[in-house]
Amino acid sequence: MSESKVELDDYQASEYAVEFEDKSPQEVLEWALDKFHPKISIACSLQAPDVTIMDMARKINPDARVFVVDTGRLHEEDHDLMSELEEKYGINFEVYSPEPEHVHDMVKKYGINSIYDSVALRFLCCQIRKVVPLMKSLKDLDAWITGLRRGQWASRYNLKKIEIDHEHQGIVKINPLADWTWDQVWDYIKENEVPYNKLYDKGYKSIGCMPCTRPVEEDENPRAGRWWWEEKAPKECGMHCSVEFGGFEKYERAILGQEEEKSEKEKSEED
Ligand code: SF4
């Protein structure tokens, strides 16, 4: 097992994506773990597809790494699940949290629940609580594994099983369940007795932070329960694709301590 950097370019990633398109998630994972471990980690958002992938991966390699972004606003059921998974698989989760000073500055300036005040403030919260910790978690990796599926939402319909993540230093992003349906995920969980998030038993179908997720009706799209109060805003947080901040970029930079990187154009606009 080598720890030297393993890189792919766009062309190589596309070739692999074609090669693995008809392969099972386990075959994708076997290839990925063989090629990139230990510089590959599973992003676990404690949802059904993630625990499915964790079960598959740990059966292939019991040392497969798993990380969680703990935003500080997770549900109690999320932590209960982490505890169950630790016990079943012997996992030591790598937990990444927001920078305390970023949260402090945001809450001081806009309030604890500013997420309901505007889409831009919600994106700011996602940036501080999710995107920045994610960037830290990916910093030393060559590849990461997600539970994303094409059927989740319109923005994911074009997902490839293997792609280059240009949002994160061009590392490789592996999506083994890209072509799986929701039913396939749950069939796997039941057949393999995989621990799952008990929020699903309470009517949740897509799980995010506590203030931003609610149960949905049987016939509703699962992601309808995410940021349900927003109209015409993408149901994304910026972890898997960049989102526009609606002019809040300079406030974001100020809170994130990046004021010195302000562009010349912005400086002249402020003069
Ligand atoms: S999902 Fe909600 S609470 Fe969580 S980071 Fe995004 S806006 Fe903040």
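Residues numbered from 1 in each chain as written. Predicted model: local features only at pLDDT ≥ 70, side-chain atom pairs only at ≥ 80, totals over all residues. Heavy atoms only, no water.

A. Quick look at the packing of helix 3 (residues 48-60) against helix 4 (residues 76-89). Contact pair helix 3 / helix 4: the axes reach a minimum separation of 12 Å and the direction vectors enclose 15 degrees. Comparing their axes, helix 4 and helix 3 come out roughly parallel. Handedness of the helix 3/helix 4 crossing: right-handed. Residue-level contacts link Val 51, Met 54, Asp 55 and Arg 58 of helix 3 to Leu 81, Leu 85 and Tyr 89 of helix 4. Its residues assigned to classes, the contact of helix 3 with helix 4 shows 5 nonpolar, no polar and 2 charged. (Axes fitted to C-alpha atoms, helices over the stretch in contact; angles between N-to-C directions. Helix = DSSP H or I, 4+ residues; strand = E, 2+ residues; numbered from the N terminus. Parallel < 35°, antiparallel > 145°, perpendicular 65-115°, else oblique. Left-handed = near helix turned anticlockwise from the far one by under 90°. Contact = heavy atoms within 4.5 Å. Nonpolar A, V, L, I, M, F, W, Y, C, P; charged D, E, K, R; others polar.)

B. Broad picture of the site of the ligand. Around the ligand lies a shell formed by Ile 115, Arg 122, Cys 125, Cys 126, Arg 129, Lys 130, Cys 209, Cys 212 and Trp 227. With respect to the detected pockets, the ligand is housed in the second largest cavity. Per-class residue counts for the shell around the ligand are 6 nonpolar, no polar and 3 charged. (Near = heavy atom within 4 Å. 1 Å grid on protein atoms, 1.4 Å probe; cavity = no way out; pocket = protein on both sides within 12 Å on 5 of 7 lines; lining within 4 Å. Sits in = over half its atoms within 2 Å of the grid points.)

C. Structural context of unusual backbone geometry. Residues His 37 and Pro 38 are joined by a peptide bond in cis, for which omega reads 10 degrees. Mapped onto the elements of the fold, Pro 38 is located in the loop between helix 2 (25-36) and strand 1 (40-43). Although it is not a glycine, Glu 193 adopts a positive phi angle of roughly 50 degrees. Within the element layout of this structure, Glu 193 appears in the loop between helix 7 (182-191) and helix 8 (249-255).

D. Focus on the pairing of strand 2 (residues 65-69). The buried count for strand 2 comes to 4 of 5 residues, which makes it a mostly enclosed element. Two strands pair when backbone bridges link them, and strand 1 and strand 2 are joined in this way by 3 bridges, in the parallel orientation. Across the sheet, residue Ser 41 finds its bridge partner in strand 2, namely Arg 65. Read as a crossover between parallel neighbours, the route from strand 1 over helix 3 to strand 2 is right-handed. (Buried < 20%, exposed > 50% of the residue type's maximum accessible area, 1.4 Å probe, protein only. Pairing = 2+ DSSP bridges. Right-handed = clockwise from strand over helix to strand, strands pointing away.)

E. Spotlight on the sheet that holds strand 1. One open sheet accounts for 6 strands, arranged 3-2-1-4-6-5; its pairing is mixed. Strands with a single pairing partner mark the edges of an open sheet, and in this sheet they are strand 3 (94-96) and strand 5 (162-165). Each strand axis lies, on average, 30 degrees off the axis of its neighbour in the sheet, ignoring direction. Most of the contacts of helix 3 go to strand 1, to which it runs at about 145 degrees, and overall it touches strand 1, strand 2 and strand 4 (143-145).

F. Looking closely at the packing of aromatic side chains. Tallied over the full model, the rule gives 12 aromatic pairs. Here the aromatic rings of Phe 67 and Tyr 96 are separated by 6.3 Å at their centres, their planes lie at 85 degrees, and the arrangement is edge-to-face. Of this pair, Phe 67 sits in strand 2 while Tyr 96 sits in strand 3, and the two are 29 residues apart along the sequence. Exposure remark for Tyr 96: the relative accessible area of 21% places this residue in the partly exposed category. With a centroid separation of 5.0 Å and 80 degrees between ring planes, the pair formed by Trp 186 and Tyr 200 is classed as edge-to-face. Highlighted residues: Trp 186 in helix 7 and Tyr 200 in the loop between helix 7 and helix 8, separated in sequence by 14 residues. Judged by its relative accessible area of 11%, Tyr 200 falls in the buried class. (Phe/Tyr/Trp six-rings, centres within 6.5 Å; stacked < 30°, edge-to-face > 60°.)

G. How the structure looks around helix 3. A rise of 1.5 Å per residue sets the reference length of helix 3, with its 13 residues, at 18 Å; its end C-alpha atoms lie 19 Å apart and thus fit the reference within 8%. Burial analysis of helix 3 places 11 of its 13 residues in the buried class, which makes it a mostly covered element. By the burial criterion, the buried members of helix 3 are Ala 48, Pro 49, Asp 50, Val 51, Thr 52, Ile 53, Met 54, Asp 55, Met 56, Ala 57 and Arg 58. (Expected span 1.5 Å × (residues − 1).)

H. Representation of empty space enclosed by the protein within the structure. Tallied over the entire structure, the rule returns 3 cavities of 30 Å³ or more. Considering only enclosed or pocket space, the largest cavity measures out at about 460 Å³ in volume. Looking at the largest cavity, it is lined by 31 residues, and the ones nearest its centre are Ser 45, Gln 47, Asp 50, Met 239 and His 240. Residue composition of the lining of the largest cavity, grouped by class: 16 nonpolar, 8 polar and 7 charged. Looking at the second largest cavity, the residues that line it are Ile 115, Arg 122, Cys 125, Cys 126, Arg 129, Lys 130, Gly 208, Cys 209, Cys 212, Thr 213, Arg 226 and Trp 227. Per-class residue counts for the lining of the second largest cavity are 6 nonpolar, 2 polar and 4 charged. (Points joined across faces, edges and corners; volume = space filled by probe spheres on them.)

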